[in-house]
Structure formats: C-alpha cells, structure tokens
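Residues per chain are reported as follows:
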Amino acid sequence: MHPHKPYAFVTYRSEECARKAHVHLNGEKLQCGGNSVTLYLSFVDSEEASVPLPEGLVLVEDFVSPEEEAQLLAAIDWSSANDDITAQKALKHRRVKHYGFEFRYDNNNVDKDKPLPAGIPQECLPALELCVRNKHINIMPDQLTVNQYESGQGIPPHVDTHSAFEDTIMSLSLGAQTVMEFRHPDGRLVPVVLPGRSLLVMKGESRYLWTHGITPRKFDTVPACDPQSPALTPPDVRTHSNLTLSKRGTRTSLTFRKIRHEPCRCAFPSACDSQGAPSTSPPSPPSLPRCHDDAAQLEEEYVHRVYDAIASHFSSTRHSPWPQVCHFLSSLPPGSVLADVGCGNGKYLGVSTEVIAVGCDRSSALIQICAERGFQAFVSDALSVPLRSATCDACISIAVIHHFSTQERRLAAVRELVRLLKPGGRALIYVWAFEQEYNKQRSKYLKEQNKEHPENHSPINKASEDSHRPVDNIQDVSKVTDGKLSVHTNRTSFNTQDLLVPWHLKEGKRQGEEESGEGVKKEKRKEKSKNDDSAHNTTSAPKSESSPVPVFHRYYHVFQQGELELLCGQVAGVKVQSSYHDQGNWCVILEKDSIEMN
Amino acid sequence: MKLLTHNMLTSHVKGVTKGYPLLIKATEVKMNEVEFNPQFVSRMIPKLEWSALVQAADELGQRQDLPGELVPDYEKNEDFLKKVHRLLLEVEVIEGCLQCPESGREFPISRGIPNMLLSEDEA
C-alpha cells in the first residue's frame, strides 16, 4: 500500500483467485460513513510498475524542438557568469547564471530590491507563452536561473525557498538527460528521468515539501529504452531486467520562477520559512578574528569542539608517527623530561621509552584516548601550560600552532614552549605549510586522490632534509576577502593562509582494526548505484548521498616559507637550530640559550 | 595521574606565585603494576622535586618509610629505588582534584586525567 494514496496493490496466490476477485469486487459499491465509494480493480504487469510522481509534479516531454533547444542554449551568455571560472573548475561545481533577480547561495534567498540588469532573455518567451497557454502557469515568471551540469556534477537535495518564489516552478532541461531525485520527509524517494527538451513543472507538495536534487554521478540507472515513458523509473532492480546505464553528458537547466512579495502561506508549514520553519540558509562563514576574545571564540567552535566531536575517528587516522619527529625524540638523552604540547591521541608519547614523557591537549576526548593507552597526559591550553618554567629538556608541538587564529596567539604558543625549556633544551615545532609543493615535489597530501576521505589525512612525512635558507620577504599571498574564511577543497593547493578544512566524520574505529577497512572509497561508490533493501525498495543513491556524513570544519592558518622562523625569531633567549620542509609542513628545531640572559 | 606527573604540575592561575606543589585530594586511588627499571628510576630522581614527592606521598597515605631527604648513592640502592618506583609509577589517582596551594582553586581529576583548563578570567 502506498501511504496517503487511494489505491493499493494486491497479490493473489493464483491467477484463478485473482480472476475471481476481479469478477466479484470490480465495480462494487462500498459504504464508508455516509459516503458511497466504488471499488475498481485492474490487473498490472508488476506491482512496482508505476511509482507515482510526487503530488503536483508534471513532466512534459518534447516541450521544445531541437531547433528551439539550440536557440536557447545559444542565448545564454556565460562570459560574465561566476566570475571565478577557474575556481569553479577546480572545485568542480556546476556553472550558474541568473537573470531577473540574483539567487544568493549564502542565505538561499533573493534580493528582491535589487533586480539584475538583464531580465529573462527574449528567446525564452515562446516557451513561456506555451506554458501559459497550457495552463502550467497563470503569471509570467520574472526570475531565471540557468544551471549547467557536466557529467559528475549535481546539486544537493533542497526545497526552493518558500518566501522567495511563488508556487509554480518550471525547469526546462536542455542537452543531456539526467535523473532528478525527489525525497519526501517520510522517506519516500522517487527518481525521475528528465530527458533533454523536457519541461518539469513543480507545484504544491512537489514544490513546497519534497526536496529535489541531482546526485553527482557520471552514470544513471534508467529503464532500458521504453520510448513511451522513460520518465518513470521503476525502482526495483531485482525484478526488472530492462534497466541500463545512461552516461551523463552536459545538461543545461533553465529554471523559471516568479518572485514572491508576500509571505508564503502554503499548506506545508514544516518546510516553510515564512511560517516559522528554520531557514535553510547555510550558517554565515566566520571571519578572521581581530582580538583575543574573537580568536578564542573562533578556536572554540572551529578547533576545540570539532576535535572533541571527531576524536575517535581522528585518532584512528593518526596512527603512524612521523619519522623525522621520531628521529628528534630518539636523539634525546635517556631520562630527558619531554612535554608534548598538543599531544592529540598520544601518538608520540610512547615513541621513546628512555624519556619521561607527559602530554597535554585541549581536547578531553583525545586525552582520554591517551589515558586508555597508558600515557600520562592532562587537559590544558597550549597558551598556558601548567608546568613550571625551565623544567623540560625537550618539547614538541606537532601540528598545533597552525590552529591559532592570530599572529599574537601563535607567538604566545611558541613563547610558552620556550618557557618550559631548560637552558640548552630543544623544541620541535611542525605546522602545516601553505606551499604543499616544495622543490617540485608534491606533498603526499596533494598526491593521494583515492583515500577514504582525502581531507582526513594530514600531510605524511617523507624524509627530505633540504638545505634551505630563510626567506627575507614573505610573498604577498592573497588575503582573505572581507575577512571571511572560506572552506578549503581538499587535495588541492591552498590559495589563502587562513581557511577552514573539512573533516567528514565516520564512526570512529579503534586502533587494531583493519586500516584498509577504514570507510569505503567514496569515489568508487559514486559510480555505482546501490541496491537498497529497505521497504521502499528503491534504486537509492549511493549511501554517501542519501545519508549524509556530518562534516566539520577546522580552522587553520597555514604557514608560508620562512614564516615560522620569523615567528620564532621574535622570541627572546632562543635560536633556530634548524628549519626544514617535511611533506607539506614547515618545521623548526629551537634551542634555548644555555645561559639565561636577562 | 601518577605522582611523577603530579611532580611536574603546577598551578598557573593568574597572579599566583606559590602554586607548587598542588595539593592532592584523592577520592579514588589505584595501584598498577609497572615493570621496574632501576636505571630509568635513577635517571628520574635528579629531575624531581623531592619534597613535593614526599608531600604527595603523605597526602595519599602512601609515604611508608620514604625518607624526607634524598639518600646519597641512591643509584645503587635497589631497595630505595623500588620505593621511588612504586610511588612515582605505580600509584595512580583516578578521581579527586588538585588544589592550588595559594588560591585554593581546584582542578578536577577524572578517570585518571587532570583537567587543568582555566577560565577566561583565571588565565
């Protein structure tokens, strides 16, 4: 039975039984309350033969001719759209252009007071007039968004903002066909094939309540050429052998909408931002802080809370101590007192059995893991370490200081390390490098495309001790615009020094579990559509799409060549003993002056 | 938290000058068995603040016959080294707190882990 539908499917034990039922029940009148209802029975080829479209959704095929399609495509001028085309390509985003009014992706709404200079192109008028004649719409739309999807691109599931646009939304598909998925809050999923030159009309429930999206894929599973109705995709792969893979090509969609000027009063308040539903606009990106309080707040949200949330998973990806760090640790005389400031999961606390090691970290969750491993560690901030001055023979701070969001705080962190050192003591500091490619060698971080979730791996060490002289002047790298921090796309070069790096959370695995089993390679999964054995029996999208993985953003300030040395140079009583680049990190070894100068 | 760690920890509350050693208030103490390495213990001793260790041992009722001062030639004194080994590495405070001797501020110890985080105004 399909919820809320006035029909049901019945399977009989034999053809004979089915025929008898048909004879006796078809046309029968039933009394239901005060109403008389007629029961109609029909035979169907297979129960799943027709999955009804979401209510209010209409698909009209061959809405425009091939000539009209060519004209419309030619009418779109991409030259000025999406100013940063190289960024678009690098990020593999679909191309977008707006006419009439600009749809803003930062708040998922429209600036109704700022119409764009260009309205809907003239070339669209014949198609729109046809829509009016065919009664799909009463009023001409005044906003057009053009989306161009290459194979492998898509758009996440969403409901078009209620308060921005009136009810009817029409989308004309030009170029290659694709599959659009509609999802109801109750879990129903309806994939709809959108052939080229077809018009999709969304009204009512399909516009206001169901989400629609296009899974980024290069192939779709579609019915094998049923020319009559390619649009309705039978969901059950097991009972239908008439399915095939359809390779995606470039598809351009023209979505026509009418700007709404009054609050929305639809019948779906749960999804309505005019009626109190939470707005779907993405949270506004953080800005680079200007004072300690702002900095502390930024770090609380984009460093500390994140590590506490991802601790288990994070720890499972941080199992191999880096060779150069181990080398430093092994060089310490037996009985040395070592402080690991920002020790994380205690990776380095057990490397040398000769030293007296203690670790501290801001994350209780990570310190908990240290304790479980039998290491001595405590929770504290790197800016204020509760150890007495000049009590440590050595300190290490590996991949820590790049989490501080102002230069002052980074300097304070170095000062604190130096304070802990005895005269003659040494500190090793590692920070993520802006330059991921060094001496024409791409770091492993950049090279590894196929890993579980690329961004969940930090640059891995490879010994490459370069003789390297400090740079006198730091290049003027493009500063963060508006002070807003952008999210970095992993496995690509950095283009700003201050950024947010995503972490895709998976169920944390403990050490000892198969490292190769750590999650499924996401890239591979995208290509296949996976059979979902749930009651809905749909060819659901790969799991990574239909059950989204939580993403966390960590703040980083990546260091330019020479920057770490300059920073350390500002601390009195300490010398840079050596400095080097190590697989995507800038590293220094500091030595505290043997005689305390005052 | 082992007493070796306690020996290193200090109160870092702003303005405090006599924050060491932290007073131990333990509600749960565990004894571990740790392999005795006389060489390692010998090397640890010069790094310690001896009086702080004695004080900690007293607070936990674990002092036994530990001398108030370091004995000379302890490197060869296996008996002595064993006592130090036991105190530093085998006694573990699981629950309780560390108290700043000057300000009285308490830092909780939970599941063996001291939480030394200060609030905004204490730092």
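Keep in mind that this is a model prediction, so the values were computed, not measured.

Quick look at the overall build of chain A now. In terms of regular secondary structure, chain A is built from 13 helices and 28 strands. Buried residues in chain A amount to 49% of all 598 residues. Taking the contacts inside chain A whose residues are at least 6 apart along the sequence as the reference set, 72% of them involve residues at least 24 apart. Summed over all atoms, the accessible surface of chain A reaches about 29,200 Å², with 52% contributed by carbon and sulfur.

Residues and elements named next belong to chain B. Between helix H3 (residues 50–59) and helix H4 (residues 78–90), the shortest axis-to-axis distance is 11 Å and the interhelical angle comes to 65°. In terms of axis orientation, H3 runs roughly perpendicular to H4. Relative to H4, the crossing made by H3 is left-handed. Mapping the contact onto sequence places Trp50, Leu53 and Ala57 in H3 and Phe80, Val84, Leu87 and Leu88 in H4. Residues that form the contact of H3 with H4 fall into these classes: seven nonpolar, no polar and no charged.

Moving on to empty space enclosed by the protein. Empty space left among the atoms is revealed by rolling a probe the size of a water molecule over them. Residue and element names in this part refer to chain A. For the structure on display, the rule yields six cavities of 30 Å³ or more. Put simply, the largest cavity is a space of about 590 Å³. Lining of the largest cavity is provided by 35 residues; of these, Gly342, Asp361, Ile398, Ala399 and Val400 occupy positions nearest its centre. Broken down by secondary-structure element, the contributors of at least two residues to the lining of the largest cavity are helix H6 (292–316), strand S17 (337–341), strand S18 (356–361) and strand S26 (551–557). If you tally residues by element for the lining of the largest cavity, the top one is H6, at five residues. Of the residues assigned to the lining of the largest cavity, the class counts are 17 nonpolar, 10 polar and eight charged.

This paragraph deals with the pattern of salt bridges. A side chain of one charge can pair with a side chain of the opposite charge when the charged atoms of the two come close. A full pass over the atoms with the stated rule returns 27 salt bridges over all chains. In this structure, A:Asp220 engages A:Arg217 in a salt bridge whose closest nitrogen and oxygen atoms are separated by 3.1 Å. Of the two residues examined, A:Asp220 and A:Arg217, each falls in the buried class. Between B:Glu78 and B:Lys82 there is a salt bridge, with its nearest N and O atoms 3.4 Å apart. With a gap of four residues between them, B:Glu78 and B:Lys82 both fall in helix H4, about one helical turn apart. Connected via shared salt-bridge partners are A:Glu181, A:Arg183, A:Arg217, A:Asp220 and A:Arg248.

Time to look at the interface of chain B and chain A. Across the contact, 24 residues belong to chain B and 28 residues belong to chain A. Across the chain B to chain A interface the summed buried area is about 2,200 Å²; carbon plus sulfur atoms make up 62%. Of all residues in chain B, the largest losses of buried area upon contact with chain A belong to B:Met8, B:Lys47 and B:Ile113, amounting jointly to 29% of the total for that side. Our count for the contact surface shared by chain B and chain A stands at three salt bridges. B:Lys47 serves as the salt-bridge partner of A:Asp393, at 3.0 Å between the closest nitrogen and oxygen. Linking chain B with chain A are nine residue pairs in polar contact (both at pLDDT 80 or more), by the criterion used here. Taken together, the elements giving at least two residues each to the side of chain B that touches chain A come down to helix H1 (3–8), helix H2 (38–44) and strand S4 (113–114) of chain B.

On the surface, a cluster of nonpolar side chains totalling about 460 Å² of accessible area is made up of A:Val10, A:Tyr12, A:Leu25, A:Leu30, A:Val37 and A:Leu39. Judged by its relative accessible area of 57%, A:Val10 falls in the exposed class.

Residue and element names in this part refer to chain B. Looking at H3, one finds that the buried residues are Trp50, Ala52, Leu53, Val54, Ala56 and Ala57. Residues of H3 that are buried sit in contact with H1, strand S1 (23–31) and H4. Backbone geometry just downstream of H3 places Gly61 in the positive-phi region, at approximately 70°.

Residues of chain A with pLDDT of at least 70 account for 77%, and the chain-wide mean is 80. Counted against residues more than four places away or in other chains, residues 508–547 of chain A, with its pLDDT under 50, gives 70 contacts.

Before going further, it helps to spend a moment on the packing of aromatic side chains. One pass over the structure, following the stated rule, counts 11 aromatic pairs over all chains. Ring geometry for A:Phe103 versus A:Tyr105: centroids 5.2 Å apart, planes at 80°, classification edge-to-face. Note on A:Phe103: relative accessible area 9%, which makes it buried. Among the aromatic residues, those joined into a cluster by ring pairs are A:Phe103, A:Tyr105 and A:Phe165. If you follow A:Arg388 out to its NZ or CZ, it ends over the ring of B:Tyr20, 3.7 Å from the centre.

Quick look at a negative patch on the surface now. There is a patch of like negative charges on the surface, built from A:Asp293, A:Asp294, B:Glu120 and B:Asp121. Along the chain, A:Asp294 falls in helix H6. Given a relative accessible area of 39%, A:Asp294 falls into the partly exposed group.

Residue and element names in this part refer to chain A. One open sheet accounts for six strands, arranged S3-S12-S9-S16-S7-S4; its pairing is antiparallel. In this open sheet, the two edge strands, each paired with only one partner strand, are strand S3 (57–60) and strand S4 (95–99). Averaged over all pairs of adjacent strands, the angle between strand axes in this sheet comes to 15°, irrespective of strand direction. Summarising the sheet, strand S9 (residues 169–175) and strand S12 (residues 198–202) pair through five bridges and their orientation is antiparallel. Note on S12: the bridge partner recorded for Ile169 is Met202. Relative to S9, helix H2 (residues 66–75) is tilted by about 100°, and along the sheet it contacts S4, S9 and strand S16 (251–257).

Our next topic: the nonpolar core. In this structure, A:Leu387, A:Val414, A:Ile429, A:Leu590 and B:Leu98 are the most contacted members of the largest nonpolar core, which totals 71 residues. Other than its neighbours up to four places away in sequence, A:Val414 contacts A:Ile401, A:Ile429, A:Leu567, A:Cys568, A:Val571 and A:Leu590. Counting 23 residues, the second-largest nonpolar core is a separate cluster that includes A:Tyr302, A:Val306, A:Trp432 and A:Phe494.

All names here are of chain A. The mixed open sheet is built from three strands, whose spatial order is S24-S25-S26. Only two strands of the sheet have a single partner each, and these edge strands are strand S24 (486–487) and S26. Those strands touched by H6 are strand S25 (498–504) and S26, and its axis lies near 125° from that of S26.

Definitions and limits used
- Residues numbered from 1 in each chain as written.
- Chains lettered and ligands numbered in written order.
- Predicted model: local features only at pLDDT ≥ 70, side-chain atom pairs only at ≥ 80, totals over all residues.
- Heavy atoms only, no water.
- Helix = DSSP H or I, 4+ residues; strand = E, 2+ residues; numbered from the N terminus.
- Buried < 20%, exposed > 50% of the residue type's maximum accessible area, 1.4 Å probe, protein only.
- Contact = heavy atoms within 4.5 Å.
- Areas by Shrake-Rupley, 256 points an atom, 1.4 Å probe, with all protein chains shown as cover.
- Axes fitted to C-alpha atoms, helices over the stretch in contact; angles between N-to-C directions.
- Parallel < 35°, antiparallel > 145°, perpendicular 65-115°, else oblique.
- Left-handed = near helix turned anticlockwise from the far one by under 90°.
- Nonpolar A, V, L, I, M, F, W, Y, C, P; charged D, E, K, R; others polar.
- 1 Å grid on protein atoms, 1.4 Å probe; cavity = no way out; pocket = protein on both sides within 12 Å on 5 of 7 lines; lining within 4 Å.
- Points joined across faces, edges and corners; volume = space filled by probe spheres on them.
- Salt bridge = Lys/Arg side-chain N within 4 Å of Asp/Glu carboxyl O.
- Buried area = accessible area lost by both parts, 1.4 Å probe.
- Polar contact = N/O pair within 3.5 Å; in protein donor to acceptor, adjacent residues only side chain to side chain.
- Patch = residues over 30% accessible without salt bridge, like charges linked within 9 Å, V, L, I, M, F, W, Y side chains within 5 Å.
- pLDDT = per-residue confidence, 0-100.
- Phe/Tyr/Trp six-rings, centres within 6.5 Å; stacked < 30°, edge-to-face > 60°.
- Lys NZ or Arg CZ within 6 Å of the ring centre and 35° of its normal.
- Lys, Arg positive; Asp, Glu negative; His and termini not counted.
- Charge placed at Lys NZ, Arg CZ, Asp CG, Glu CD.
- Pairing = 2+ DSSP bridges.
- Core = buried A, V, L, I, M, F, W, Y, C linked by side-chain atoms within 4.5 Å.

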